[in-house]
Amino acid sequence: MHFRELEEKLVAFRDARGWMKYHTPKNLAISAAVEMGELLEHFQWESDEEILESIKDPAKKEAIADEIADVIIYLTLLAHELGIDLDRAVEEKIEKNGKKYPLRT
Ligand SMILES: [Mg+2]
């Protein structure tokens, strides 16, 4: 699925529930940050080794996946509200990163 398809699905889901009025750029940016905080709660006080061990628990993995999805959902809706083409933005950013950090041979 491309970001464009995801965006269309999320906007349809949101609009069917009348949530558009709440989805201002500021609210969506805050919501993305809140969800990022919820994701980080799973890692707080844990070592990398403990995190990799805990993710073997399917329930824990699902809970973390839910938070990652929440972050992506809000960022996709934010891009939609700002008229940003995420497929293009990500492609262009990868290209910029490639120029900034060229391969060393
Ligand atoms: Mg959440």
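Criteria and cut-off values
- Residues numbered from 1 in each chain as written.
- Predicted model: local features only at pLDDT ≥ 70, side-chain atom pairs only at ≥ 80, totals over all residues.
- Heavy atoms only, no water.
- Helix = DSSP H or I, 4+ residues; strand = E, 2+ residues; numbered from the N terminus.
- Buried < 20%, exposed > 50% of the residue type's maximum accessible area, 1.4 Å probe, protein only.
- Salt bridge = Lys/Arg side-chain N within 4 Å of Asp/Glu carboxyl O.
- Axes fitted to C-alpha atoms, helices over the stretch in contact; angles between N-to-C directions.
- Parallel < 35°, antiparallel > 145°, perpendicular 65-115°, else oblique.
- Left-handed = near helix turned anticlockwise from the far one by under 90°.
- Contact = heavy atoms within 4.5 Å.

As named in an unreviewed UniProt entry, the protein chain is Nucleotide pyrophosphohydrolase, taken from Thermococcus eurythermalis.

*Asks:* A description of the environment of Ile 30 should follow, citing residues and the corresponding values.
*Replies:* Locating Ile 30 in the fold gives a position in helix H2 (residues 25–41). With a relative accessible area of 46%, Ile 30 lands in the partly exposed category. With 45 residues separating them along the chain, Ile 30 and Leu 75 place their C-alpha atoms 10.0 Å apart.

*Asks:* Go over the pattern of salt bridges with me, naming the residues and quoting the values.
*Replies:* This model, assessed by the stated rule, comprises 6 salt bridges. With a shortest N-O distance of 3.0 Å, Glu 81 and Arg 14 are connected by a salt bridge. In this pair, Glu 81 sits in helix H4 (residues 58–81) while Arg 14 sits in helix H1 (residues 3–16), placing the two residues 67 residues apart along the sequence. The exposure class of Glu 81 is partly exposed, given its relative accessible area of 28%. One salt bridge connects Glu 95 with Lys 99, and the closest N-O pair in it is separated by 3.8 Å. Here Glu 95 and its partner Lys 99 are both found in helix H5 (residues 86–100), 4 residues apart, which amounts to about one turn of the helix. As far as the burial class goes, Glu 95 and Lys 99 line up, both exposed.

*Asks:* I'd like a description of the packing of H2 against H4, backed by residues and values.
*Replies:* Remark: H2 packs on H4, axes separated minimally by 8 Å, with the N-to-C direction vectors making an angle of 165°. Between H2 and H4, the angle is such that the two are roughly antiparallel. Between H2 and H4 lies a crossing of left-handed hand. Every residue of H4 that contacts H2 at Pro 25, Leu 28, Ala 29, Ser 31, Ala 32, Glu 35, Met 36, Glu 38 and Leu 39 is listed here: Ile 64, Glu 67, Ile 68, Asp 70, Val 71, Tyr 74, Leu 75, Leu 77, Leu 78 and Glu 81.

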